[in-house]
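Descriptive analysis of the structure
Below are the chains, spelled out letter by letter.
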Amino acid sequence: MNNMAEIAEAIKRSQNVLICGHITPDGDSLGSILALGLSLEKLGKKVTMAGPDPVPAIYDFLPGASRFRTGSPPEDKFDTLIVLDCSVPERLGEGYRELLERDLVVINIDHHAGSVSFGTYRYVDRLTASVGEIIFELLDMLGIEITLEAAICLYTAIVTDTGSFQFENTTPDTHRRVARLLEIGVPAARINVKLYEEKPRESVLLLGAALNTLSFSPCGKVCWMTVDRELIKKSGAEDEHTEGLVNYARSIRGVLVGLLFHEISENKYKISFRSKEPLDVNKIAAVFGGGGHSKAAGCVLQGDLREIQEKVVAAALSAIGGNGL
């Protein structure tokens, strides 16, 4: 693994840069991409910010969001690909994953415990709460002054990946970095309203429907919700509106593991894991080819929903010393 100075030098040598993150981008992925992209332009770099999936409506307010290109990778002749917040190549999505095979300098920056080694240069800090914090430090090392626009993106990256500073990954350094962003002029209260108090009607309708699917293991320590294609259709919602639903399962008293089974296509399910102390759901997700953080992870499985739920819930119960369904 490379150090931050080596990453900074590789970026300084770049000219035409493509910056991307993982499929179904979240606040940390998008905020980090936009902050880095807008900042590298200050160094005279030609920058393209892109990904296979569109920007969720909740993040439309981010500076530079309108420039985020979606769909297949752009055909420009890039010399450098910077991958942010993506633990495994598969999470780049079709098209972008193939870019790793081209004659490009690939810089991989991440903070997930289950990260797979890929890229010409690789920097992973598993003790950092968000990639946004890593980008904060990288901009300092590059000698780039953080503008208000970049600061707004970085604040969004950090606040979303720390659960509004509630998760245990929040450190004193997290607060110090955020303090500097606030000093730059980040309107934290307004951003928090955008993120948490302006939910689309469809999102709330989907939440109500999802809560009706709540199920519990006999011991009460595992709780799960199910959102299939029909439920999304009836609610008038989009896949992006499932973000955060799993936290309602985890928030119930006595529950150690919250799960969300989200049907992303016919018989294909994204499973989100959330946990309280002392369980490491990253290890459970890894059993099914996924990964993430100790308290937040995920995987994708295809097959019969009932069979998938039985296997996943059983693995969660095994991890906490419980019994079967």
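This text follows the structure it describes.
This section reports on the structure supplied with the text.

Rules used throughout
Residues numbered from 1 in each chain as written. Predicted model: local features only at pLDDT ≥ 70, side-chain atom pairs only at ≥ 80, totals over all residues. Heavy atoms only, no water. Buried < 20%, exposed > 50% of the residue type's maximum accessible area, 1.4 Å probe, protein only. Helix = DSSP H or I, 4+ residues; strand = E, 2+ residues; numbered from the N terminus. Arc of directions from axis to C-beta. Contact = heavy atoms within 4.5 Å. Polar contact = N/O pair within 3.5 Å; in protein donor to acceptor, adjacent residues only side chain to side chain. Expected span 1.5 Å × (residues − 1). Pairing = 2+ DSSP bridges. Salt bridge = Lys/Arg side-chain N within 4 Å of Asp/Glu carboxyl O. Axes fitted to C-alpha atoms, helices over the stretch in contact; angles between N-to-C directions. Parallel < 35°, antiparallel > 145°, perpendicular 65-115°, else oblique. Left-handed = near helix turned anticlockwise from the far one by under 90°. Nonpolar A, V, L, I, M, F, W, Y, C, P; charged D, E, K, R; others polar.

**Digging into helix H1 (residues 4–13)**
- Within H1, burial applies to Met 4, Ile 7, Ala 8, Ala 10 and Ile 11. Axial view of H1: buried residues confined to an arc of 160°, hence all on one face.
- Its buried side turned inward, H1 meets helix H2 (27–40), strand E4 (80–84), strand E5 (105–110), strand E6 (121–124) and helix H3 (131–142).
- The backbone nitrogen of Ala 5 has a side-chain oxygen 3.1 Å away, supplied by the residue at the start of H1, namely Asn 3.

**As for helix H5 (residues 172–184)**
- Look at H5: 19 Å from first C-alpha to last across 13 residues, which is about the 18 Å you get at 1.5 Å a residue.
- Once H5 finishes, Gly 185 follows within two positions and takes phi at roughly 125°, a positive value.

**Comments concerning the environment of Arg 253**
- Within the secondary structure layout, Arg 253 lies in the loop between helix H9 (246–250) and strand E9 (257–265).
- Taking the relative accessible area as the measure of exposure, Arg 253 reaches 82% and is therefore exposed.
- Sequence separation of Arg 253 and Ile 135 is 118 residues, and the distance between their C-alpha atoms is 36 Å.

**So, the sheet that holds strand E11 (residues 291–292)**
- The strand order across the open sheet built from six strands is E7-E8-E9-E10-E12-E11, with neighbouring strands paired in mixed fashion. The open sheet has two edge strands, strand E7 (215–216) and E11, and neither has a second partner.
- Here E7 pairs with strand E8 (residues 222–227) via two bridges, running antiparallel. Within E8, the position partnered with Phe 216 by the bridge is Cys 223.

**Focus on the pairing of strand E12 (residues 296–302)**
- Burial of E12 is extensive: five of the seven residues sit out of reach of the surface.
- Both strand E10 (residues 268–275) and E12 contribute to a ladder of seven bridges, which runs antiparallel. Each bridged residue has a counterpart across the sheet, and for Ile 271 the counterpart in E12 is Cys 299.
- Note that E11 and E12 share two bridges and pair antiparallel. Bridge pairing links Gly 291 to Gly 298 in E12.
- Between E11 and E12, which pair antiparallel and follow one another directly, the connecting turn spans three residues.

**So, the pattern of salt bridges**
- If you walk through the whole model with that rule in mind, you get 12 salt bridges.
- Across the pair Glu 137 and Arg 177 runs a salt bridge, and its minimum N-O distance is 2.8 Å. With Glu 137 in helix H3 and Arg 177 in helix H5, this pair connects stretches of sequence that are 40 residues apart.
- Residue classification places Arg 177 among the buried positions, given a relative accessible area of 14%.

**So, unusual backbone geometry**
- Positive phi, normally seen in glycine, also occurs at Asp 85, with a value near 60°.
- Within the fold, Asp 85 resides in the loop between E4 and E5.
- One non-glycine residue, Phe 165, adopts positive backbone phi at about 70°.
- Of note, Phe 165 is situated in the loop between helix H4 (148–161) and H5.
- The exposure class assigned to Phe 165 is partly exposed, which follows from its relative accessible area of 24%.

**Some points on the packing of H4 against helix H6 (residues 188–196)**
- Across the interface, H4 lies against H6 with an axial gap of 11 Å and an inter-helix angle of 55°. When the axis of H4 is compared with that of H6, the two are oblique. Along this stretch, H4 crosses H6, giving a crossing that reads as right-handed. Of the residues in H6, those touching H4 at Ile 152, Tyr 155, Thr 156, Val 159 and Thr 160 are Ala 188, Ile 191, Asn 192, Leu 195 and Tyr 196.
- Of the residues belonging to the contact of H4 with H6, the class tally is seven nonpolar, three polar and no charged.

**Some points on the packing of H3 against H5**
- Where H3 contacts H5, the axes come no closer than 11 Å and their chain directions differ by 60°. Viewed along their axes, H3 and H5 adopt a mutual orientation that is oblique. Like other packed secondary-structure pairs, H3 and H5 cross with a definite hand, here left-handed. On H5, the residues that touch Glu 133, Phe 136, Glu 137 and Asp 140 of H3 are Asp 173, Thr 174, Arg 177, Arg 180 and Leu 181.
- Taken together, the residues of the contact of H3 with H5 sort by class into two nonpolar, one polar and six charged.

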